[in-house]
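# Coordinates in review
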Amino acid sequence: MIGPLFVVGILVAVFVGYNIGGSTTGPAFGPAVGADVISKAGAAALFSVSFAIGAVTLGPEVIDTLSDGIIDGAGVFTLRTGVAVLFFIGLALFVGNLFGVPASTSMTTVGAIAALAQAAGALDWAVLGEIVVWWIVAPIIGFWVSGVIGRYLYPKLNQMVAIDASDGPVVELDQSGTVPRPVRGPGTTRRELTGVTVVVAIGCLMAFASGTSNVANAVAPLVGSGTLDVGTAVLLGSGAVALGSFTIARRTLDTMGSDITALPLTAAIIVASVSSFLTVGLSAIGIPASFVIIATMSIIGLGWGRATRTTTAVGGVRGEESTTVSVGSLAGDEEGEELPEIGEEEPEDIPAASELFNPSTTARVVIMQNVVPLISTAGAYLTFRFVPIFGL
């Protein structure tokens, strides 16, 4: 029998998924929208489909960790506590979306569930510790992988990615045959089409990675309480995320596409690729990954690697050459530009960090990415610890 609390639980889960769609569409397709290679509606459609594929394939692994792994004890996850956990997750993410900031949904969710477990005296510290360790290790891996790419591979990749935008649509539908088929627009070059395809494909990869990890954030409490089976929960979560992607995500698309950074297309593709592969890898072993943190460290690592091209390895070890290390080193490189060999570039040619990041927007993002998980964790713990209705 379907009761009022069950309906409330479904609505709150949809609310959480709605806010996940709002906060994660921006990082995936913000660069593509900012570069005018895809519309916001098109970005939302592609994100929704790719997210659903990731949710169906690898999402159940993370759902299992959040619904059963962190809590060491039976009976802690009930429909009532599950609804409360989802409420705090959704509330915290909604605050982030109001500020147009893509917060870490995994940190927000793990914080709320860990707060419930701690209040009930059933927190599995080993599982939580493993998650936190990966939250530390994965961004470090992202930093160094991006750093190596920035130092040794960035010039060649930068020449390959150039997109020279032409007038008119990039792709049109040829309806001369029985079945309409997409073809290049009248002014679209093969190079432009390839570049646009790469950008959109990377956005789809990021959306897939988001689905593998983030669907659990919307539905794991209901699965843990036995209210929904995994298959139904995945479909519910994916639909709610799609709703958020088509509506509230417009603000985060603007933030990630143009407000926060002047990150070149080449750098955006590298950061997205590194972050997505790490997120998918963690999801495969059941770890809810913090994509936002991994991507941030990848940007810093890529800028560091790009900046160190002014110094040869031998000269750096001997202290004969100085290096201006700044994430701003990415801002001055136009797509298709041929860069000097390692050691031949002048440090003064490396732009300042202020040319890459908008300081006020960056400060707002950093602050809110810490505040959002804190709202979820603190609110959940105080409620479960001191409100008698939950009976923990």
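Residues numbered from 1 in each chain as written. Predicted model: local features only at pLDDT ≥ 70, side-chain atom pairs only at ≥ 80, totals over all residues. Heavy atoms only, no water.

What follows is about the overall build of the protein chain. In terms of helices and strands, the protein chain carries 13 helices and two strands. For the protein chain, with 392 residues in total, the buried portion stands at 52%. The contacts of the protein chain with a sequence gap of at least 6 include a subset with a gap of at least 24, amounting to 82%. When the accessible surface of the protein chain is split by element, carbon and sulfur atoms take 64% of a total near 16,600 Å². (Helix = DSSP H or I, 4+ residues; strand = E, 2+ residues; numbered from the N terminus. Buried < 20%, exposed > 50% of the residue type's maximum accessible area, 1.4 Å probe, protein only. Contact = heavy atoms within 4.5 Å. Areas by Shrake-Rupley, 256 points an atom, 1.4 Å probe, with all protein chains shown as cover.)

Take the environment of Thr109 next. With respect to the secondary-structure elements, Thr109 resides in helix α5 (residues 105–119). In this structure Thr109 comes out as buried when scored by relative accessible area, which is 0%. C-alpha separation for the pair Thr109 and Gly90, spaced 19 residues apart in sequence, amounts to 9.1 Å. There is a polar contact of 2.9 Å between the side chain of Thr109 and the backbone oxygen of Thr105. (Polar contact = N/O pair within 3.5 Å; in protein donor to acceptor, adjacent residues only side chain to side chain.)

The next subject is a nonpolar patch on the surface. Judged by side-chain polarity, Val132, Val133, Ile136, Val137, Ile140, Ile141, Trp144 and Val145 come together as a nonpolar surface patch covering roughly 640 Å² of accessible area. Mapped onto the fold, Val133 is located in helix α6 (residues 125–160). Judged by its relative accessible area of 46%, Val133 is partly exposed. (Patch = residues over 30% accessible without salt bridge, like charges linked within 9 Å, V, L, I, M, F, W, Y side chains within 5 Å. Salt bridge = Lys/Arg side-chain N within 4 Å of Asp/Glu carboxyl O.)

It is worth spelling out the packing of helix α3 (residues 59–69) against helix α7 (residues 190–224) at this point. The description of two packed helices rests on the angle between their axes and on the distance between the axes. Axis separation between α3 and α7 bottoms out at 7 Å; the angle between their running directions is 45°. On the basis of their axis angle, the class for α3 and α7 is oblique. The two elements α3 and α7 meet at a crossing, and its hand is right-handed. Together, Gly59, Val62, Ile63, Leu66 and Ser67 of α3 and Gly211, Thr212, Ser213, Val215, Ala216, Asn217, Val219, Ala220, Val223 and Gly224 of α7 make up the contact between the two elements. The residue makeup of the contact of α3 with α7, split by class, is eight nonpolar, seven polar and no charged. (Axes fitted to C-alpha atoms, helices over the stretch in contact; angles between N-to-C directions. Parallel < 35°, antiparallel > 145°, perpendicular 65-115°, else oblique. Left-handed = near helix turned anticlockwise from the far one by under 90°. Nonpolar A, V, L, I, M, F, W, Y, C, P; charged D, E, K, R; others polar.)

Within soluble globular proteins, side chains that are nonpolar tend to cluster in buried spots. In terms of nonpolar packing, the biggest core is built from 86 residues, with Phe29, Leu66, Ile70, Ile71, Val85 and Phe384 touching the most fellow members. Per element, the largest residue contribution to this core is 14 residues, and it comes from α7. Once residues within four sequence positions are removed from consideration, Ile70 is found in contact with Thr65, Val110, Ile113, Ala114, Ala117, Ala122, Leu123, Asp124, Val127 and Ile131. (Core = buried A, V, L, I, M, F, W, Y, C linked by side-chain atoms within 4.5 Å.)

Once that is clear, we can look at the confidence of the model for the protein chain. Caution is warranted with low-pLDDT regions, since their predicted coordinates should not be read in detail. Considering every residue of the protein chain, the mean pLDDT works out to 78; 76% of them sit at 70 or more. Taken element by element, the protein chain is modelled with least confidence in helix α12 (residues 313–318), mean pLDDT 46, and with most confidence in helix α8 (residues 230–246), mean pLDDT 94. Low pLDDT, under 50, characterises residues 258–262; the predicted model gives this stretch 14 contacts beyond four residues in sequence or across chains. Confidence over residues 351–357 falls short of pLDDT 50; this stretch has 23 contacts with residues more than four positions distant or in other chains. (pLDDT = per-residue confidence, 0-100.)

Turning our eyes to something else, we now look at the side chain of Ser376. One can find Ser376 in helix α13 (residues 359–386). Engagement of the side chain of Ser376 in a polar contact is seen with the backbone oxygen of Thr108, the distance being 2.8 Å. Setting aside chain neighbours within four positions, we find Ser376 in contact with Phe88, Ile89, Ala92, Thr108 and Ala112.

Turning our attention to helix α11 (residues 291–307). In this model α11 runs 24 Å from its N-terminal to its C-terminal C-alpha over 17 residues, within 8% of the 24 Å that 1.5 Å per residue would give. Among the residues making up α11, those that are buried are Phe291, Val292, Ile294, Ala295, Ser298, Ile299, Gly301, Leu302, Gly303, Gly305, Arg306 and Ala307. (Expected span 1.5 Å × (residues − 1).)

Attention shifts here to the environment of Thr194. With respect to the element layout, Thr194 can be found in helix α7. Judged by relative accessible area, Thr194 falls into the partly exposed class, the value being 46%. Each C-alpha atom of the pair Thr194 and Met160 lies 9.5 Å from the other, and the pair is 34 residues apart in sequence.

This part takes up the packing of helix α2 (residues 40–57) against α7. At a closest axis distance of 7 Å, the pairing of α2 and α7 adopts a crossing angle of 45°. When the interaxial angle is binned, α2 and α7 end up oblique. In this structure, α2 meets α7 at a crossing whose hand is right-handed. Where α2 abuts α7, its residues Leu46, Phe47, Ser50, Phe51, Ile53, Gly54, Ala55 and Thr57 lie against Val200, Cys204, Ala207, Phe208, Ser210, Gly211, Thr212, Asn214 and Val215. When its residues are assigned to classes, the contact of α2 with α7 shows 10 nonpolar, seven polar and no charged.

Further remarks concern α6. Remark: the principal bend of α6, roughly 75°, maps to Leu153, with a proline, Pro155, within the next four residues. Taking the backbone nitrogen of Ala126 as reference, a side-chain oxygen 3.1 Å away marks Asp124 as the first, capping residue of α6. (Bend = angle between axes of the 7 residues up to and from the residue.)

Right, let's talk about the side chain of Ser290 for a bit. Within the element layout of this structure, Ser290 appears in the loop between α10 (265–284) and α11. Discounting residues that sit within four places of it in the chain, Ser290 has contacts with Ser104, Ser106, Met107 and Trp135.

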